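# Remarks on the overall topology
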Amino acid sequence: MDPIDDEQLRKLKQELEGMYESPMKAAMVQLHEMYTELKAAGFTRREAMYMISRLFNSMIVGGIDPEKQ
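None of the values given here were measured: they were computed from a predicted structure.

### Regarding the overall build of the chain
If you tally the helices and strands in the chain, you get three helices and zero strands. Counting the 69 residues in the chain, one finds 10% classified as buried.

### Section: the pattern of salt bridges
Applying the stated criterion across every chain yields a total of one salt bridge. A salt bridge links R10 to E7; the shortest N-O distance between them is 2.5 Å. In this pair, R10 and E7 are both assigned in helix α1 (residues 6-19), three residues apart and thus about one turn of the helix distant. The exposure class assigned to R10 is partly exposed, which follows from its relative accessible area of 40%.

### Structural notes on the confidence of the model for the chain
Across the chain, the average pLDDT comes to 84, with 87% of residues at 70 or higher. Across the chain, the secondary-structure element scoring lowest on mean pLDDT is α1, at 84, and the one scoring highest is helix α2 (residues 23-40), at 91.

### So, α2
Here α2 contains 18 residues, and its C-alpha end-to-end distance of 26 Å stays within 8% of the 26 Å for a straight helix at 1.5 Å per residue. Buried within α2 are the following residues: A27, L31, Y35 and L38. End-on, the buried residues of α2 take up no more than an arc of 80°, which puts them together on one face. Structural note: α2 exposes H32, E37 and A40 on the side pointing more than 90 degrees away from its buried face. Just downstream of α2, G42 is the residue with a positive phi angle, here 110°.

So, how was this worked out
Residues numbered from 1 in each chain as written. Predicted model: local features only at pLDDT ≥ 70, side-chain atom pairs only at ≥ 80, totals over all residues. Heavy atoms only, no water. Helix = DSSP H or I, 4+ residues; strand = E, 2+ residues; numbered from the N terminus. Buried < 20%, exposed > 50% of the residue type's maximum accessible area, 1.4 Å probe, protein only. Salt bridge = Lys/Arg side-chain N within 4 Å of Asp/Glu carboxyl O. pLDDT = per-residue confidence, 0-100. Expected span 1.5 Å × (residues − 1). Arc of directions from axis to C-beta.

Quick look at the structure:
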């Protein structure tokens, strides 16, 4: 097996770092996707924002474990 040179190692490191997504970022992406889908389904901006904010608040206060809610 050939050793990895510095350039290959740098590219591999960048690729691995690009694949990592923090749990907070993943949650925010999901909330945004829910918001856009609610809007696409016909909810107003205000209604969609209200539902997402309620969901977000329940996640913060009660965690995401349904047994705790």
